[in-house]
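Residues per chain, in single letters:
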Amino acid sequence: MTDYSMPELIARKRDGGELNADEVAWIVTGYTTGKIPDYQMSAFLMAVVCRGMSEPELAAWTEAMLHSGEVLELSAMTKAKVDKHSTGGVGDKVSIPLAPLVASCGVAVPMMSGRGLGHTGGTLDKLESIPGFRTDISPERFVAQLEEVGVVLAGQSETLVPADRAIYALRDATATVPSIPLIVSSIMSKKLAEDLDALVLDVKVGSGAFMKTKEDAETLARMMVAIGARHGTTVVAHLTDMSQPLGREVGNANEIRESLEVLRGEGPEDLVAVVLLLAEEMLMLGGVAPTRDAARNRLEVALSAGEGLETFRRVIAEQGGNPDVVDDPALLPSPEHLHELLAPRSGFVAECDALTVGRAAVRLGAGRARKDDAIDPAVGITIHAKRGEPVTAGRPLATVGWNDREQLDACLELLAGAWEIADEPRPERPLVLGEVR
Ligand code: URA
(Lines give C-alpha, C1' and ligand atoms only; values in the text may rest on other atoms or scores of the structure.)
Protein backbone atom coordinates (compact mmCIF):
# COMPACT_ATOMS: atom_id res chain seq x y z
CA MET A 1 0.00 0.00 0.00
CA THR A 2 1.29 3.50 -0.84
CA ASP A 3 2.43 5.52 2.17
CA TYR A 4 0.67 8.85 2.71
CA SER A 5 1.32 11.77 5.02
CA MET A 6 -1.26 11.78 7.81
CA PRO A 7 -0.93 15.54 8.50
CA GLU A 8 -1.67 16.19 4.82
CA LEU A 9 -4.74 13.96 4.85
CA ILE A 10 -5.97 15.57 8.06
CA ALA A 11 -5.49 19.02 6.55
CA ARG A 12 -7.34 18.07 3.38
CA LYS A 13 -10.33 16.81 5.36
CA ARG A 14 -10.17 19.82 7.68
CA ASP A 15 -10.37 22.12 4.65
CA GLY A 16 -13.35 20.30 3.17
CA GLY A 17 -11.48 18.24 0.56
CA GLU A 18 -12.10 14.60 -0.38
CA LEU A 19 -9.94 11.51 0.13
CA ASN A 20 -9.78 8.65 -2.36
CA ALA A 21 -10.51 5.01 -1.48
CA ASP A 22 -6.82 4.15 -1.17
CA GLU A 23 -6.13 7.01 1.25
CA VAL A 24 -9.17 6.11 3.33
CA ALA A 25 -8.11 2.45 3.54
CA TRP A 26 -4.56 3.54 4.49
CA ILE A 27 -5.89 5.53 7.46
CA VAL A 28 -8.17 2.75 8.72
CA THR A 29 -5.45 0.09 8.38
CA GLY A 30 -2.74 2.37 9.78
CA TYR A 31 -4.74 3.15 12.90
CA THR A 32 -5.84 -0.44 13.47
CA THR A 33 -2.28 -1.73 13.20
CA GLY A 34 -0.87 0.97 15.47
CA LYS A 35 1.06 2.87 12.79
CA ILE A 36 -1.09 5.98 13.13
CA PRO A 37 -1.12 7.31 16.70
CA ASP A 38 -4.23 8.31 18.66
CA TYR A 39 -3.48 12.04 18.38
CA GLN A 40 -3.46 12.03 14.57
CA MET A 41 -6.51 9.83 14.32
CA SER A 42 -8.34 12.06 16.83
CA ALA A 43 -7.62 15.11 14.67
CA PHE A 44 -8.81 13.30 11.57
CA LEU A 45 -12.03 12.13 13.26
CA MET A 46 -12.73 15.68 14.43
CA ALA A 47 -12.26 16.91 10.87
CA VAL A 48 -14.83 14.30 9.77
CA VAL A 49 -17.25 15.48 12.47
CA CYS A 50 -16.93 19.04 11.11
CA ARG A 51 -16.75 18.29 7.38
CA GLY A 52 -18.60 14.98 6.94
CA MET A 53 -17.78 12.42 4.25
CA SER A 54 -18.83 12.13 0.64
CA GLU A 55 -20.73 9.00 -0.43
CA PRO A 56 -17.65 7.36 -2.00
CA GLU A 57 -15.55 8.20 1.08
CA LEU A 58 -18.16 6.66 3.35
CA ALA A 59 -18.41 3.53 1.20
CA ALA A 60 -14.60 3.17 1.21
CA TRP A 61 -14.31 3.86 4.96
CA THR A 62 -17.01 1.27 5.77
CA GLU A 63 -15.41 -1.27 3.43
CA ALA A 64 -11.96 -0.74 5.01
CA MET A 65 -13.39 -1.17 8.51
CA LEU A 66 -15.33 -4.28 7.47
CA HIS A 67 -12.15 -5.88 6.08
CA SER A 68 -9.88 -4.76 8.93
CA GLY A 69 -10.22 -8.29 10.32
CA GLU A 70 -11.97 -11.56 9.63
CA VAL A 71 -15.50 -11.64 8.28
CA LEU A 72 -17.85 -14.39 9.46
CA GLU A 73 -18.82 -17.03 6.97
CA LEU A 74 -22.28 -18.27 7.92
CA SER A 75 -23.55 -19.61 4.62
CA ALA A 76 -23.91 -23.11 6.10
CA MET A 77 -26.60 -21.90 8.52
CA THR A 78 -30.01 -23.22 7.56
CA LYS A 79 -31.93 -20.56 9.48
CA ALA A 80 -32.19 -16.98 8.26
CA LYS A 81 -29.69 -14.68 10.00
CA VAL A 82 -31.22 -11.42 11.12
CA ASP A 83 -29.71 -8.94 13.54
CA LYS A 84 -30.77 -5.69 15.14
CA HIS A 85 -28.73 -2.66 16.05
CA SER A 86 -29.53 0.56 17.83
CA THR A 87 -27.84 3.87 17.16
CA GLY A 88 -27.57 4.24 20.93
CA GLY A 89 -29.58 5.72 23.73
CA VAL A 90 -30.10 5.95 27.48
CA GLY A 91 -31.71 2.95 29.16
CA ASP A 92 -31.73 1.28 25.75
CA LYS A 93 -31.38 -2.36 26.70
CA VAL A 94 -33.64 -3.57 23.86
CA SER A 95 -31.04 -5.93 22.33
CA ILE A 96 -30.72 -7.98 25.51
CA PRO A 97 -34.29 -9.32 25.73
CA LEU A 98 -34.86 -9.05 21.96
CA ALA A 99 -32.05 -11.31 20.71
CA PRO A 100 -32.91 -14.41 22.78
CA LEU A 101 -36.64 -13.86 22.25
CA VAL A 102 -36.28 -13.75 18.45
CA ALA A 103 -33.86 -16.70 18.47
CA SER A 104 -36.37 -18.74 20.48
CA CYS A 105 -38.82 -18.21 17.59
CA GLY A 106 -36.44 -19.75 15.03
CA VAL A 107 -34.44 -16.85 13.56
CA ALA A 108 -30.65 -16.95 14.00
CA VAL A 109 -29.32 -13.78 15.66
CA PRO A 110 -25.55 -13.27 15.28
CA MET A 111 -25.32 -10.11 17.35
CA MET A 112 -22.12 -8.11 17.55
CA SER A 113 -22.55 -5.12 19.85
CA GLY A 114 -20.57 -2.19 21.18
CA ARG A 115 -19.57 -0.66 24.49
CA GLY A 116 -20.94 2.46 26.12
CA LEU A 117 -20.29 5.48 23.96
CA GLY A 118 -20.54 9.08 25.17
CA HIS A 119 -23.58 9.33 27.42
CA THR A 120 -25.15 6.14 26.01
CA GLY A 121 -24.85 2.68 27.50
CA GLY A 122 -23.37 -0.30 25.64
CA THR A 123 -24.81 -3.79 25.35
CA LEU A 124 -21.41 -5.41 26.03
CA ASP A 125 -20.90 -3.49 29.28
CA LYS A 126 -24.38 -4.46 30.41
CA LEU A 127 -23.88 -8.14 29.59
CA GLU A 128 -20.52 -8.19 31.37
CA SER A 129 -22.27 -7.23 34.59
CA ILE A 130 -23.47 -10.86 34.62
CA PRO A 131 -20.75 -12.61 36.67
CA GLY A 132 -18.39 -14.52 34.37
CA PHE A 133 -20.07 -13.45 31.09
CA ARG A 134 -17.59 -13.23 28.20
CA THR A 135 -18.21 -11.18 25.07
CA ASP A 136 -14.85 -11.88 23.37
CA ILE A 137 -15.80 -14.88 21.29
CA SER A 138 -13.57 -16.39 18.59
CA PRO A 139 -15.10 -16.66 15.12
CA GLU A 140 -15.10 -20.50 15.44
CA ARG A 141 -17.03 -20.42 18.72
CA PHE A 142 -19.31 -17.73 17.35
CA VAL A 143 -20.40 -20.01 14.50
CA ALA A 144 -20.74 -23.09 16.74
CA GLN A 145 -22.89 -21.24 19.30
CA LEU A 146 -25.06 -19.70 16.61
CA GLU A 147 -25.82 -23.17 15.30
CA GLU A 148 -26.48 -24.69 18.72
CA VAL A 149 -28.29 -21.90 20.58
CA GLY A 150 -29.41 -19.68 17.70
CA VAL A 151 -27.95 -16.50 19.18
CA VAL A 152 -24.57 -15.03 20.13
CA LEU A 153 -24.11 -11.76 22.03
CA ALA A 154 -20.53 -10.78 21.32
CA GLY A 155 -18.18 -7.87 20.76
CA GLN A 156 -15.79 -7.23 17.90
CA SER A 157 -12.92 -9.42 19.08
CA GLU A 158 -9.31 -8.86 18.06
CA THR A 159 -10.18 -10.54 14.79
CA LEU A 160 -13.68 -9.27 13.94
CA VAL A 161 -13.81 -5.61 12.83
CA PRO A 162 -10.83 -4.57 15.00
CA ALA A 163 -10.93 -1.13 13.36
CA ASP A 164 -14.30 -0.34 14.90
CA ARG A 165 -13.18 -1.50 18.32
CA ALA A 166 -10.23 0.90 18.24
CA ILE A 167 -11.97 3.84 16.57
CA TYR A 168 -15.10 3.51 18.73
CA ALA A 169 -13.07 3.78 21.94
CA LEU A 170 -11.14 6.78 20.60
CA ARG A 171 -14.32 8.57 19.47
CA ASP A 172 -15.83 8.04 22.90
CA ALA A 173 -12.91 9.88 24.50
CA THR A 174 -12.52 12.68 21.92
CA ALA A 175 -16.08 14.02 21.47
CA THR A 176 -16.18 12.62 17.94
CA VAL A 177 -19.22 10.40 18.32
CA PRO A 178 -22.00 12.54 16.82
CA SER A 179 -21.14 12.28 13.14
CA ILE A 180 -23.52 10.61 10.70
CA PRO A 181 -20.77 8.97 8.54
CA LEU A 182 -18.83 7.76 11.59
CA ILE A 183 -21.97 6.24 13.09
CA VAL A 184 -23.06 4.68 9.77
CA SER A 185 -19.62 3.11 9.15
CA SER A 186 -19.25 1.91 12.73
CA ILE A 187 -22.61 0.18 12.75
CA MET A 188 -22.60 -1.14 9.20
CA SER A 189 -19.03 -2.52 9.32
CA LYS A 190 -19.95 -4.61 12.36
CA LYS A 191 -23.23 -5.73 10.89
CA LEU A 192 -21.90 -6.60 7.43
CA ALA A 193 -19.13 -8.69 9.04
CA GLU A 194 -21.88 -10.92 10.43
CA ASP A 195 -22.85 -12.23 6.99
CA LEU A 196 -26.51 -11.33 7.60
CA ASP A 197 -29.60 -11.91 5.49
CA ALA A 198 -31.29 -8.87 6.99
CA LEU A 199 -30.80 -6.15 9.57
CA VAL A 200 -33.32 -4.20 11.65
CA LEU A 201 -32.15 -0.81 12.90
CA ASP A 202 -33.52 1.13 15.81
CA VAL A 203 -32.60 4.71 15.00
CA LYS A 204 -33.05 6.74 18.14
CA VAL A 205 -34.26 10.35 17.95
CA GLY A 206 -34.17 12.97 20.68
CA SER A 207 -31.94 14.55 23.32
CA GLY A 208 -30.47 11.22 24.47
CA ALA A 209 -29.74 10.03 20.92
CA PHE A 210 -26.88 11.04 18.65
CA MET A 211 -29.55 12.18 16.17
CA LYS A 212 -31.47 15.02 17.78
CA THR A 213 -33.99 15.55 14.97
CA LYS A 214 -36.21 13.27 12.91
CA GLU A 215 -34.62 14.66 9.72
CA ASP A 216 -31.07 13.68 10.81
CA ALA A 217 -32.33 10.28 11.93
CA GLU A 218 -33.94 9.74 8.51
CA THR A 219 -30.70 10.73 6.75
CA LEU A 220 -28.74 8.27 8.90
CA ALA A 221 -31.33 5.54 8.28
CA ARG A 222 -31.32 6.10 4.52
CA MET A 223 -27.50 5.89 4.39
CA MET A 224 -27.53 2.61 6.30
CA VAL A 225 -30.26 1.16 4.09
CA ALA A 226 -28.19 2.17 1.02
CA ILE A 227 -24.94 0.63 2.34
CA GLY A 228 -26.88 -2.56 3.14
CA ALA A 229 -28.27 -2.65 -0.40
CA ARG A 230 -24.72 -2.33 -1.88
CA HIS A 231 -23.87 -5.52 0.04
CA GLY A 232 -27.10 -7.39 -0.72
CA THR A 233 -28.40 -7.12 2.87
CA THR A 234 -31.99 -5.96 3.46
CA VAL A 235 -32.02 -3.18 6.05
CA VAL A 236 -35.18 -1.84 7.69
CA ALA A 237 -34.93 1.10 10.08
CA HIS A 238 -37.48 2.14 12.69
CA LEU A 239 -37.16 5.59 14.24
CA THR A 240 -38.01 5.61 17.96
CA ASP A 241 -38.11 8.24 20.69
CA MET A 242 -35.06 8.87 22.87
CA SER A 243 -36.05 12.14 24.47
CA GLN A 244 -36.48 10.30 27.79
CA PRO A 245 -34.75 7.09 28.94
CA LEU A 246 -36.31 3.87 27.67
CA GLY A 247 -37.81 1.78 30.48
CA ARG A 248 -37.02 2.68 34.07
CA GLU A 249 -33.48 1.40 34.59
CA VAL A 250 -30.20 3.06 33.56
CA GLY A 251 -26.92 1.35 34.45
CA ASN A 252 -25.39 -2.00 33.65
CA ALA A 253 -26.72 -4.57 36.16
CA ASN A 254 -29.88 -2.45 36.48
CA GLU A 255 -30.57 -2.93 32.78
CA ILE A 256 -29.98 -6.68 32.91
CA ARG A 257 -32.58 -6.88 35.70
CA GLU A 258 -35.09 -4.97 33.58
CA SER A 259 -34.31 -7.13 30.52
CA LEU A 260 -35.11 -10.23 32.56
CA GLU A 261 -38.46 -8.68 33.48
CA VAL A 262 -39.28 -8.27 29.77
CA LEU A 263 -38.41 -11.91 29.11
CA ARG A 264 -40.72 -12.88 31.97
CA GLY A 265 -43.57 -11.13 30.15
CA GLU A 266 -43.41 -8.09 32.43
CA GLY A 267 -41.37 -4.90 32.05
CA PRO A 268 -42.27 -1.26 31.35
CA GLU A 269 -44.70 -0.52 28.54
CA ASP A 270 -42.40 1.61 26.32
CA LEU A 271 -39.53 -0.88 26.48
CA VAL A 272 -41.81 -3.83 25.74
CA ALA A 273 -43.39 -1.93 22.83
CA VAL A 274 -39.99 -1.29 21.17
CA VAL A 275 -38.82 -4.87 21.77
CA LEU A 276 -41.99 -6.26 20.17
CA LEU A 277 -41.96 -3.82 17.21
CA LEU A 278 -38.40 -4.81 16.29
CA ALA A 279 -38.92 -8.50 17.07
CA GLU A 280 -41.95 -8.59 14.75
CA GLU A 281 -39.85 -7.09 11.97
CA MET A 282 -37.09 -9.65 12.55
CA LEU A 283 -39.53 -12.60 12.44
CA MET A 284 -40.99 -11.30 9.18
CA LEU A 285 -37.57 -10.68 7.60
CA GLY A 286 -36.41 -14.09 8.84
CA GLY A 287 -39.35 -15.78 7.08
CA VAL A 288 -40.76 -17.16 10.34
CA ALA A 289 -43.96 -15.09 10.23
CA PRO A 290 -45.78 -13.91 7.10
CA THR A 291 -47.49 -10.90 8.71
CA ARG A 292 -47.03 -8.56 11.66
CA ASP A 293 -50.04 -10.16 13.41
CA ALA A 294 -48.64 -13.65 12.99
CA ALA A 295 -45.29 -12.43 14.31
CA ARG A 296 -46.95 -10.82 17.34
CA ASN A 297 -48.85 -14.04 18.12
CA ARG A 298 -45.67 -16.10 17.90
CA LEU A 299 -43.82 -13.66 20.19
CA GLU A 300 -46.62 -13.66 22.74
CA VAL A 301 -46.53 -17.46 22.88
CA ALA A 302 -42.73 -17.35 23.33
CA LEU A 303 -43.01 -14.82 26.14
CA SER A 304 -45.75 -16.61 28.03
CA ALA A 305 -43.98 -19.97 27.71
CA GLY A 306 -40.69 -18.42 28.88
CA GLU A 307 -38.93 -19.51 25.66
CA GLY A 308 -36.89 -16.30 25.39
CA LEU A 309 -35.86 -16.57 29.03
CA GLU A 310 -34.73 -20.14 28.48
CA THR A 311 -32.69 -19.13 25.44
CA PHE A 312 -31.07 -16.30 27.41
CA ARG A 313 -30.15 -18.80 30.15
CA ARG A 314 -28.40 -20.94 27.52
CA VAL A 315 -26.56 -17.94 26.07
CA ILE A 316 -25.30 -16.96 29.51
CA ALA A 317 -24.09 -20.50 30.24
CA GLU A 318 -22.43 -20.83 26.79
CA GLN A 319 -20.62 -17.52 27.23
CA GLY A 320 -19.21 -18.38 30.66
CA GLY A 321 -21.71 -16.46 32.80
CA ASN A 322 -23.70 -17.63 35.80
CA PRO A 323 -27.09 -18.68 34.38
CA ASP A 324 -28.65 -18.64 37.86
CA VAL A 325 -29.04 -14.84 37.51
CA VAL A 326 -32.06 -15.59 35.34
CA ASP A 327 -33.98 -16.93 38.35
CA ASP A 328 -32.20 -14.88 40.95
CA PRO A 329 -31.27 -11.37 39.71
CA ALA A 330 -29.93 -10.68 43.23
CA LEU A 331 -26.80 -12.51 42.01
CA LEU A 332 -26.03 -9.50 39.80
CA PRO A 333 -23.70 -6.88 41.29
CA SER A 334 -25.54 -4.43 43.51
CA PRO A 335 -24.45 -1.05 44.90
CA GLU A 336 -23.53 -0.54 48.53
CA HIS A 337 -25.76 2.50 49.00
CA LEU A 338 -29.03 3.94 47.73
CA HIS A 339 -29.92 7.62 47.47
CA GLU A 340 -33.41 8.91 46.72
CA LEU A 341 -33.80 12.00 44.57
CA LEU A 342 -37.00 13.70 45.74
CA ALA A 343 -39.50 15.76 43.75
CA PRO A 344 -39.18 19.46 44.64
CA ARG A 345 -42.88 20.06 43.91
CA SER A 346 -46.11 18.29 42.97
CA GLY A 347 -47.46 18.13 39.43
CA PHE A 348 -46.90 16.12 36.27
CA VAL A 349 -43.58 15.19 34.68
CA ALA A 350 -43.20 17.36 31.56
CA GLU A 351 -39.62 16.23 30.80
CA CYS A 352 -37.31 13.50 32.03
CA ASP A 353 -34.37 14.40 29.83
CA ALA A 354 -32.50 11.39 28.45
CA LEU A 355 -29.23 13.23 27.78
CA THR A 356 -29.02 14.56 31.33
CA VAL A 357 -29.83 11.18 32.85
CA GLY A 358 -27.24 9.54 30.56
CA ARG A 359 -24.54 12.04 31.55
CA ALA A 360 -25.43 11.64 35.21
CA ALA A 361 -25.09 7.85 34.86
CA VAL A 362 -21.60 8.26 33.34
CA ARG A 363 -20.57 10.46 36.29
CA LEU A 364 -21.90 7.83 38.64
CA GLY A 365 -19.46 5.33 37.10
CA ALA A 366 -21.92 3.42 34.88
CA GLY A 367 -20.13 4.71 31.73
CA ARG A 368 -16.67 5.93 30.77
CA ALA A 369 -15.27 9.47 30.69
CA ARG A 370 -12.01 8.20 29.13
CA LYS A 371 -11.47 5.23 26.88
CA ASP A 372 -9.54 3.19 29.46
CA ASP A 373 -11.81 3.97 32.42
CA ALA A 374 -13.25 1.01 34.27
CA ILE A 375 -17.00 1.07 34.71
CA ASP A 376 -18.84 0.06 37.86
CA PRO A 377 -21.43 -2.56 36.85
CA ALA A 378 -23.36 -2.20 40.10
CA VAL A 379 -24.27 1.49 40.04
CA GLY A 380 -27.31 2.88 38.29
CA ILE A 381 -30.42 5.00 38.31
CA THR A 382 -33.98 3.70 38.73
CA ILE A 383 -36.51 6.20 37.42
CA HIS A 384 -39.82 6.40 39.27
CA ALA A 385 -41.45 9.27 37.38
CA LYS A 386 -41.50 9.46 33.57
CA ARG A 387 -43.18 11.91 31.23
CA GLY A 388 -46.89 12.36 31.87
CA GLU A 389 -46.81 10.72 35.30
CA PRO A 390 -48.03 12.55 38.42
CA VAL A 391 -45.50 13.35 41.18
CA THR A 392 -45.91 14.53 44.74
CA ALA A 393 -43.48 16.93 46.45
CA GLY A 394 -41.05 14.98 48.64
CA ARG A 395 -41.69 11.63 46.90
CA PRO A 396 -38.85 9.99 44.91
CA LEU A 397 -38.27 10.84 41.26
CA ALA A 398 -35.40 8.35 41.10
CA THR A 399 -33.28 6.04 43.22
CA VAL A 400 -29.54 6.21 42.64
CA GLY A 401 -27.48 3.12 43.52
CA TRP A 402 -23.91 4.28 44.29
CA ASN A 403 -20.54 3.11 45.58
CA ASP A 404 -18.39 6.24 45.60
CA ARG A 405 -19.44 9.46 47.34
CA GLU A 406 -17.65 11.76 44.87
CA GLN A 407 -19.28 10.01 41.94
CA LEU A 408 -22.67 10.26 43.63
CA ASP A 409 -22.22 14.00 44.19
CA ALA A 410 -21.18 14.52 40.57
CA CYS A 411 -24.19 12.52 39.39
CA LEU A 412 -26.67 14.41 41.59
CA GLU A 413 -25.34 17.76 40.44
CA LEU A 414 -26.77 16.90 37.02
CA LEU A 415 -29.59 14.51 37.74
CA ALA A 416 -32.04 16.86 39.43
CA GLY A 417 -31.98 19.04 36.29
CA ALA A 418 -33.33 16.16 34.21
CA TRP A 419 -36.89 16.66 35.43
CA GLU A 420 -39.30 19.41 34.55
CA ILE A 421 -42.54 19.32 36.51
CA ALA A 422 -45.62 21.16 35.24
CA ASP A 423 -49.03 21.82 36.76
CA GLU A 424 -50.88 19.97 34.01
CA PRO A 425 -49.93 16.92 31.94
CA ARG A 426 -48.42 17.85 28.53
CA PRO A 427 -49.60 16.13 25.32
CA GLU A 428 -48.08 12.68 24.85
CA ARG A 429 -45.17 12.24 22.41
CA PRO A 430 -45.18 9.24 20.07
CA LEU A 431 -42.77 6.42 20.87
CA VAL A 432 -42.44 5.40 17.21
CA LEU A 433 -41.65 8.21 14.77
CA GLY A 434 -41.37 6.48 11.42
CA GLU A 435 -39.53 3.92 9.34
CA VAL A 436 -37.16 3.76 6.37
CA ARG A 437 -36.86 0.67 4.15
N1 URA B 1 -23.47 2.45 17.73
C2 URA B 1 -22.36 2.00 17.09
O3 URA B 1 -22.14 0.80 16.97
N4 URA B 1 -21.51 2.90 16.61
C5 URA B 1 -21.71 4.24 16.71
O6 URA B 1 -20.91 4.99 16.22
C7 URA B 1 -22.87 4.69 17.37
C8 URA B 1 -23.74 3.78 17.87
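Residues numbered from 1 in each chain as written. Predicted model: local features only at pLDDT ≥ 70, side-chain atom pairs only at ≥ 80, totals over all residues. Heavy atoms only, no water.

Caption draft 1: Up close: the site of the ligand. The environment of the ligand is made up of His85, Ser86, Thr87, Leu117, Tyr168, Arg171, Ile183, Ser186, Ile187 and Lys190. Between the ligand and His85 there is a distance of 3.0 Å, counted from an oxygen atom to a side-chain nitrogen or oxygen. At 2.6 Å, a side-chain N or O of Ser186 approaches a nitrogen atom of the ligand. Coverage of the ligand by the protein chains reaches 98% of its 240 Å² of free accessible surface. Residue contributions to the shell around the ligand peak at four residues, all from helix α9 (residues 180-192). Looking at the shell around the ligand residue by residue, the class counts come to four nonpolar, four polar and two charged. (Near = heavy atom within 4 Å. Polar contact = N/O pair within 3.5 Å; in protein donor to acceptor, adjacent residues only side chain to side chain. Areas by Shrake-Rupley, 256 points an atom, 1.4 Å probe, with all protein chains shown as cover. Helix = DSSP H or I, 4+ residues; strand = E, 2+ residues; numbered from the N terminus. Nonpolar A, V, L, I, M, F, W, Y, C, P; charged D, E, K, R; others polar.)

Caption draft 2: Representation of the packing of helix α7 (residues 139-149) against helix α14 (residues 307-318) in the model. Running from amino to carboxyl end, α7 crosses α14 at an angle of 155°, the nearest separation of the two axes being 11 Å. With respect to each other, α7 and α14 are oriented roughly antiparallel. Seen along the crossing, α7 lies across α14 with a hand that is right-handed. Note on element contacts: α14 touches α7 through Thr311, Arg314, Val315 and Glu318, opposite Arg141, Gln145, Glu148 and Val149. (Axes fitted to C-alpha atoms, helices over the stretch in contact; angles between N-to-C directions. Parallel < 35°, antiparallel > 145°, perpendicular 65-115°, else oblique. Left-handed = near helix turned anticlockwise from the far one by under 90°. Contact = heavy atoms within 4.5 Å.)

Caption draft 3: Just the packing of aromatic side chains, in detail. Using the criterion set out here, one finds two aromatic pairs in the structure. Geometrically, the ring pair formed by Tyr4 and Trp26 is edge-to-face, given 5.7 Å between the ring centres and 75° between the ring planes. Of this pair, Tyr4 sits in the segment before α1 (6-14) while Trp26 sits in helix α2 (residues 21-32), and the two are 22 residues apart along the sequence. Assessed through its relative accessible area of 22%, Tyr4 is described here as partly exposed. A residue is classified by how much of its surface remains accessible, and Trp26, at 7% relative accessible area, is buried. On the basis of an interplanar angle of 20° and a centroid distance of 5.8 Å, the ring pair of Phe44 and Trp61 is categorised as stacked. Placement of Phe44 in helix α3 (residues 38-51) and of Trp61 in helix α4 (residues 55-66) is noted, with a sequence separation of 17 residues between them. (Phe/Tyr/Trp six-rings, centres within 6.5 Å; stacked < 30°, edge-to-face > 60°. Buried < 20%, exposed > 50% of the residue type's maximum accessible area, 1.4 Å probe, protein only.)

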